[in-house]
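Okay, here's what each chain looks like letter by letter:
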Amino acid sequence: MGLDPAFDRGCTAVLFKGAARALVIELKYHQGVHVVADMTEILRRSPTLLDRVRDAVLVPVPLHPRKLRERGYNQSRLLAEGLAAAAGGATRVEDLLVREVDTVTQTAFDRESRRENLKNAFALAKGAPLNPEQHYVLVDDVFTTGSTLNGCARVLRRAGSLNLDVVTFGHG
């Protein structure tokens, strides 16, 4: 069963292999915040990606509060901040989503298991302002099966988002 996307379009900067994979692993699992500058530079060199996000509200995929405490930062938010700075214009980052369910890591799951693992994991942040006319772009580090981004997109769609895309650093 394939992905039935709740978002309009997706865009990614690089394939998730080689040096790009090493950057993501360093950021997510080794406290490697220093690699965000390199990842942002890679995003900056993708004019198509920058055009896609310019003047949009970038919405980072949220971490569960426990995971955020453990890691100390949300890698998707750091990437969204770098992307907003690179895109310029009225591009900004807003934390419109929360992760309510503390799901187990999905690295070894297939598409169907990922989808089940993420069922009802995300919700709209309390008091989150959503303008149906605004262009929203979900931002995450890696697009694997799309289950995480699709779960987030469904929440934003139910809240009234009409123009919704996704952007990731890597794909694979």
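A few points on the structure. Given the structure is predicted, the values throughout are model-derived calculations rather than measurements.

## Focus: the environment of F143
Link 1 in the chain: Its location among the elements puts F143 in strand β6 (residues 135-143).
Link 2 in the chain: Classification of F143 by relative accessible area gives buried; the value is 14%.
Link 3 in the chain: The spatial distance from the C-alpha of F143 to the C-alpha of G172 is 6.4 Å, given a sequence separation of 29 residues.
Link 4 in the chain: With near-sequence residues (within four places) excluded, F143 lies in contact with L3, F7, L149, T168, G170, H171 and G172.

## Things to note about the environment of I42
Link 1 in the chain: Tracing the sequence through the fold places I42 in helix α2 (residues 36-44).
Link 2 in the chain: It is 8.3 Å that separates the C-alpha atoms of I42 and V14, two residues lying 28 residues apart in sequence.
Link 3 in the chain: Those residues in contact with I42, other than ones at most four positions away along the chain, are A13, V14, L23 and F169.

## With respect to the pattern of salt bridges
Link 1 in the chain: Inspection of every chain in the model, using the stated rule, returns 11 salt bridges.
Link 2 in the chain: Across the pair R9 and D165 runs a salt bridge whose closest N-O atoms are separated by 3.0 Å. Note that R9 is positioned in the segment before β1 (10-15) and D165 in strand β7 (residues 163-171), a separation of 156 residues in sequence.
Link 3 in the chain: In this structure R9 comes out as partly exposed when scored by relative accessible area, which is 41%.
Link 4 in the chain: The exposure class assigned to D165 is buried, which follows from its relative accessible area of 0%.
Link 5 in the chain: Residue E81 pairs with R77 through a salt bridge whose shortest N-O separation is 2.3 Å. Residue E81 and its partner R77 are both found in helix α5 (residues 75-87); the two are separated by 4 residues, about one turn of the helix.
Link 6 in the chain: Residue classification places R77 among the partly exposed residues on the basis of a relative accessible area of 24%.

What counts and what doesn't
Residues numbered from 1 in each chain as written. Predicted model: local features only at pLDDT ≥ 70, side-chain atom pairs only at ≥ 80, totals over all residues. Heavy atoms only, no water. Helix = DSSP H or I, 4+ residues; strand = E, 2+ residues; numbered from the N terminus. Buried < 20%, exposed > 50% of the residue type's maximum accessible area, 1.4 Å probe, protein only. Contact = heavy atoms within 4.5 Å. Salt bridge = Lys/Arg side-chain N within 4 Å of Asp/Glu carboxyl O.

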